[in-house]
Amino acid sequence: MTNSQNNALNSINVVSREELEKQNRILSQQLAETKAKLNWYEEQYRLSKERQFGRSTEKNLAGQMNLSDVFPMFNEAETFREMINTEPKAEDLPIEQDSDEGKRKHRKRKKDIKNLTVITDEYEIPLADQLCPTCGAPLHVMKKKVHTEIDVIPAKVVSHKYVTYVYACRNCEKNGDTTIVTAPRARTPIIEKSLVSPSLMADAITKKYMDALPFYRQERSYKHYGIKITRNNLCNWSIAVANDYFKLITERMKKILFDEHVIHCDETEVEVLCEPDRPAHIKSRVWVLTSGEYLKDKNISLYRYTEGRARIDAEAVLKGYSGYIMCDGYKVYDAITKPRGDKPAMDVKPVACLVHVRRKFADALKLLAPEDRPGTGAQEAVDRLAAIFNKDNSLNNLSPQKRKEKRIHGDTDLSSDKRGKSLYDLIDDFFVWVKSEYDEALHQTHYGRALKYAIDEEEKVRRVFEDGRLELDNNLALSEGITYPHLFLESQTISIPSQKRCA
């Protein structure tokens, strides 16, 4: 073979190798993209199954789902009952029967009923019959057997008639004058010319807003007492007393809440039936504003209805407030801190909720099988956040100022080798780790989006070090607002000429 032929063959081989390498790179890239899409679709499928059938809590990410956890109403009695032991034989009883466990149960039972009115029935042998059946000698009281039960006295509904006498003077009538004197009224009706009384209204509102018993069920319940109180009556009465009485209370509560400069805020979807010019499938919003952890003597929860959750809605809910807002990562809270057109910025500082940050990593962790979770980035994020929460929980009993100092500097009373990391150091380490992980992670995965969410919330998370009254989470607005013993609505009245406007 000549030199020219060898050169031609080498040229062909070189070109072929380059083409193959280029084609290999293209195929490798396509394969990586296909795998990433497949992983994304698998994540979506597993997450949808988890949301449909899985636990709604993040506490137990490992382990298998139990049907009784999802539908506890089917076997509630069997699940939560205490096992009733069969009666032991006399010879099987130990000599000392007053065990510590028995004493604890007895103390707990007394504590459970200590606030109830006590009615005592005593059963004695008549004095004349207190004679020994064996020898005829007088008997004395050796001990008392006490058995306690809880009796429920059903509610009693009565028709309370108030008669107010009106007097006239016959002597004045003879002289052509009219003198009328009315006796003082027992009390002013809460709604003029209405059958509703304060006790009836209190009963209806308590059942609806505390016991979750809708008005249409209460209508059936009142029929059992032989009275006809319609759902429409209950709706109209509740709206009237809300406007005439509760509005004064909520305005006072709002002033107290806004004066504290630390509130927890959240909003949730709600479907309103028969709302004018709005189809039922369009979601409205209910906002909750609650007091902080350090205002336990002022447990305030205010609710506000809006048609949406845009900036204009947030501004209306928070109008007149300045201070810190514990909230989630919804962008509207950041938007209201900046001026828009002729509207100035609101004087508020959003503080991020670390529970929402943890939830993103928990969702990413749920996509993995339990045996695959240890050692993953999502698991490390959850563990790091757990350490942060545990550290902050150890400071709960401190004053706000002391809490702020220990969050930043740690326990300065201990030596450096025993002190451990402060909360500031733990949060700082967490965000350094998050940023390094984000550089290597696939950004379109749930794990990548969880890292991005954490990075976006960093500045607002670090605001917790500015005031010791601030919390790491927004759980007060997420759950405590609906469990406070006193719940009032601060909502705009919707004029809907339909019985469907109230449940």
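Use the structure listed above.
Keep in mind that this is a model prediction, so the values were computed, not measured. (Residues numbered from 1 in each chain as written. Predicted model: local features only at pLDDT ≥ 70, side-chain atom pairs only at ≥ 80, totals over all residues. Heavy atoms only, no water.)

Engineer: Break down the overall build of the protein for me, citing the residues and quoting the values.
Structural biologist: Looking only at helices and strands, the protein has 17 helices and 8 strands in total. The proportion of buried residues among the 503 residues of the protein is 29%. Carbon together with sulfur atoms contributes 53% to the accessible area of the protein, which is approximately 35,400 Å² in total. (Helix = DSSP H or I, 4+ residues; strand = E, 2+ residues; numbered from the N terminus. Buried < 20%, exposed > 50% of the residue type's maximum accessible area, 1.4 Å probe, protein only. Areas by Shrake-Rupley, 256 points an atom, 1.4 Å probe, with all protein chains shown as cover.)

Engineer: Explain the pattern of salt bridges residue by residue, including any values.
Structural biologist: Evaluated as defined, the whole model comprises 22 salt bridges. In this structure, Glu315 engages Arg311 in a salt bridge whose closest nitrogen and oxygen atoms are separated by 2.8 Å. Placement of both Glu315 and Arg311 in helix 9 (residues 311-317) is noted, with a separation of 4 residues, approximately one turn of the helix. Across the pair, exposure class does not vary: Glu315 and Arg311 are buried alike. Arg462 is paired through a salt bridge with Asp428; the nearest N and O atoms lie 2.9 Å apart. Placement of the pair is Arg462 in the loop between helix 16 (446-461) and helix 17 (475-478) and Asp428 in helix 15 (residues 423-440), with a sequence separation of 34 residues. For Asp428, a relative accessible area of 29% gives the class partly exposed. (Salt bridge = Lys/Arg side-chain N within 4 Å of Asp/Glu carboxyl O.)

Engineer: For the side chain of Arg373, give the residues involved together with the corresponding values.
Structural biologist: If you trace the backbone, Arg373 turns up in the loop between helix 11 (354-366) and helix 12 (377-393). On the basis of relative accessible area, Arg373 is assigned to the buried category, the value being 8%.

Engineer: Give me the lowdown on a negative patch on the surface, citing residues and values where you can.
Structural biologist: Judged by side-chain charge, Asp121, Glu122, Glu124, Glu149 and Asp151 come together as a negatively charged surface patch. The residue Glu124 is located in the loop between helix 4 (100-112) and strand 1 (166-168) in this model. (Patch = residues over 30% accessible without salt bridge, like charges linked within 9 Å, V, L, I, M, F, W, Y side chains within 5 Å. Lys, Arg positive; Asp, Glu negative; His and termini not counted. Charge placed at Lys NZ, Arg CZ, Asp CG, Glu CD.)

Engineer: Quick one: what's the story with unusual backbone geometry, residue by residue and with numbers?
Structural biologist: Of note, Lys193 is a non-glycine position whose phi angle comes to about 55°, a positive value. Positive phi, normally seen in glycine, also occurs at His261, with a value near 65°. With respect to the helices and strands, His261 occurs in the loop between helix 8 (231-258) and strand 3 (262-270).

Engineer: Let's hear about the packing of helix 11 against helix 12: which residues, and what values?
Structural biologist: Helix packing for two helices is described by the angle between their axes and how far apart those axes are. Viewed as axis vectors pointing N to C, helix 11 and helix 12 meet at an angle of 150°, and their least axial separation amounts to 8 Å. By the angle between their directions, the pair helix 11 and helix 12 is classed as roughly antiparallel. Handedness of the crossing formed by helix 11 with helix 12: left-handed. From helix 11, Leu354, Val355, Val357, Arg358, Phe361, Ala362, Ala364 and Leu365 reach across to helix 12, where they touch Ala378, Gln379, Ala381, Val382, Leu385, Ile388 and Phe389. Looking at the contact of helix 11 with helix 12 residue by residue, the class counts come to 13 nonpolar, 1 polar and 1 charged. (Axes fitted to C-alpha atoms, helices over the stretch in contact; angles between N-to-C directions. Parallel < 35°, antiparallel > 145°, perpendicular 65-115°, else oblique. Left-handed = near helix turned anticlockwise from the far one by under 90°. Contact = heavy atoms within 4.5 Å. Nonpolar A, V, L, I, M, F, W, Y, C, P; charged D, E, K, R; others polar.)

Engineer: Kindly report on the pairing of strand 3, identifying the contributing residues and their values.
Structural biologist: Sheet topology places strand 3 next to strand 6 (residues 323-327); 3 bridges connect them, and they run parallel. When the bridges of strand 6 are listed, His264 appears paired with Met326. Examined bridge by bridge, strand 3 and strand 4 (residues 284-291) share 8 bridges and lie antiparallel to one another. Within the sheet, the bridge partner assigned to Ile263 lies in strand 4 and is Ser291. (Pairing = 2+ DSSP bridges.)

Engineer: I'd like to hear about helix 6 (residues 198-209), residue by residue, with values.
Structural biologist: Between its first and last C-alpha atoms helix 6 spans 16 Å; for 12 residues at 1.5 Å apiece the expected length is 16 Å, and the two agree. Every buried residue of helix 6 is listed here: Leu200, Met201, Ala204, Ile205, Lys207 and Lys208. Around the axis of helix 6, the buried residues are gathered within 165° of arc, so they sit on the same side. Residues of helix 6 that are buried sit in contact with helix 7 (215-223) and helix 8. (Expected span 1.5 Å × (residues − 1). Arc of directions from axis to C-beta.)

Engineer: Explain the packing of aromatic side chains residue by residue, including any values.
Structural biologist: Per the counting criterion, the structure on display carries 8 aromatic pairs. Consider the rings of Phe430 and Trp433, whose centres lie 6.3 Å apart with planes at 35°: the pair is tilted. Highlighted residues: Phe430 and Trp433, both in helix 15, separated by 3 residues, approximately one helical turn. Trp433 sits in the buried class, given a relative accessible area of 10%. (Phe/Tyr/Trp six-rings, centres within 6.5 Å; stacked < 30°, edge-to-face > 60°.)

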